[in-house]
Amino acid sequence: MKNLIVAKRYAKALFNLALEDGKLSEYGQELQGLVQLLDQQPQIMDALANPLYPEDVKKSVFRTLAQKAEMSPVLRSFGTLLVEKRRIRHLPEIAQYFQRLMDEHFNVARAKLSAAVKLDEAAINKIAETLSRLTGKKIVVEFQQDPDLIGGAVARIGDLVIDGSVRTQLQAIKESLKRGELG
């Protein structure tokens, strides 16, 4: 719970800076890039978060990393602040909440789409358009093939679930037969 509170606080601060600077997308991309880099190189994250290393050494490591990654001055300062305050471990949660704030700002919803077979780009785009009309938001689709589905597709946008799978349709027919509705 505390991690979420910390992540929200730092993400909101960076978000407000990004709005002031008019660089919301740029800072978001840099933040995601930093998270990916530290995810790929966990030993760097361990060094930055390790309380046994002196703070000036950790800051030096981060400054070198930021310089190599060609980070903007704002993100360099932000990362250095996270190192100083011993909050660098919360970076993935901060980036995740920052993305959520960006999505709200740009009226974007993220949908998870599952289907029994691999869908081509055109089919995914058509589903995204339909979901967009339904929600009134721009939809970004994350597709995943699910071999457990017999056929059809299932879309999840936050708490909204649209289940067009064959399994659900068969379950509905089964329930109708049990109730004697189909004759």
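Details of the structure are given in the entry above.
Rules used throughout
Residues numbered from 1 in each chain as written. Predicted model: local features only at pLDDT ≥ 70, side-chain atom pairs only at ≥ 80, totals over all residues. Heavy atoms only, no water. Helix = DSSP H or I, 4+ residues; strand = E, 2+ residues; numbered from the N terminus. Rg over C-alpha atoms; globule rule 2.2 N^0.38 Å. Buried < 20%, exposed > 50% of the residue type's maximum accessible area, 1.4 Å probe, protein only. Areas by Shrake-Rupley, 256 points an atom, 1.4 Å probe, with all protein chains shown as cover. Lys, Arg positive; Asp, Glu negative; His and termini not counted. Charge placed at Lys NZ, Arg CZ, Asp CG, Glu CD. Pairing = 2+ DSSP bridges. Axes fitted to C-alpha atoms, helices over the stretch in contact; angles between N-to-C directions. Contact = heavy atoms within 4.5 Å. Phe/Tyr/Trp six-rings, centres within 6.5 Å; stacked < 30°, edge-to-face > 60°. Polar contact = N/O pair within 3.5 Å; in protein donor to acceptor, adjacent residues only side chain to side chain.

J.: Just to check I follow, could you spell out the overall build of the protein for this structure?
T.: In terms of helices and strands, the protein carries eight helices and four strands. The order of helices and strands in the protein, counted from the N terminus, is α-α-α-α-α-α-β-α-β-β-β-α. Taken over the C-alpha trace, the protein has a radius of gyration of 22 Å; the compact-globule value for 183 residues is 16 Å, which it surpasses by more than 25%. Referenced to the eigenvectors of the C-alpha coordinate spread, the extents of the protein come out at roughly 75 × 35 × 30 Å. Per-residue burial for the protein yields a buried fraction of 32% across its 183 residues. Within the structure as shown, the protein displays about 11,700 Å² of accessible surface, and the carbon and sulfur contribution to it stands at 52%. Within the protein, the 23 negative side-chain charges are centred at a point lying 4 Å from the centre of the 27 positive side-chain charges.

J.: Teacher, can you tell me more about the sheet that holds strand β2 (residues 138–145) here?
T.: The strands making up a sheet associate through hydrogen bonds between their backbones, and the pairing can be parallel or antiparallel. Overall, mixed pairing links the four strands, which are arranged β2-β1-β3-β4 in an open sheet. Each edge of the open sheet carries a strand with a single partner, namely β2 and β4 (160–163). Adjacent strand axes in the sheet meet at a mean angle of 20° when their direction is disregarded. Pairing geometry for strand β1 (residues 108–115) and β2, over eight bridges, is parallel. Bridging across to β2, Ala109 finds its partner in Ile139. On the sheet, helix α7 (residues 121–135) packs against β1, β2, β3 (153–157) and β4 and is oriented at approximately 135° with respect to β2.

J.: Help me understand the packing of aromatic side chains, please; the structure alone is not making it clear to me.
T.: The way to describe two aromatic rings as a pair is by their centre distance and the angle between their planes. Applying the stated criterion to the full structure yields two aromatic pairs. An angle of 70° between the planes, with centres 6.0 Å apart, marks the rings of Phe15 and Phe98 as edge-to-face. Linking Phe15 in helix α1 (residues 2–21) with Phe98 in helix α6 (residues 91–105), this pair joins segments that are 83 residues apart in sequence. Take Phe15: its relative accessible area is 10%, and that puts it in the buried class.

J.: Any chance you could explain the side chain of Lys59 here in plain terms?
T.: Note that Lys59 resides in helix α4 (residues 55–68). A distance of 3.0 Å separates the side chain of Lys59 from the side chain of Glu84, its partner in a polar contact. If near-sequence neighbours (up to four positions away) are discounted, Lys59 is found in contact with Thr80, Val83 and Glu84.

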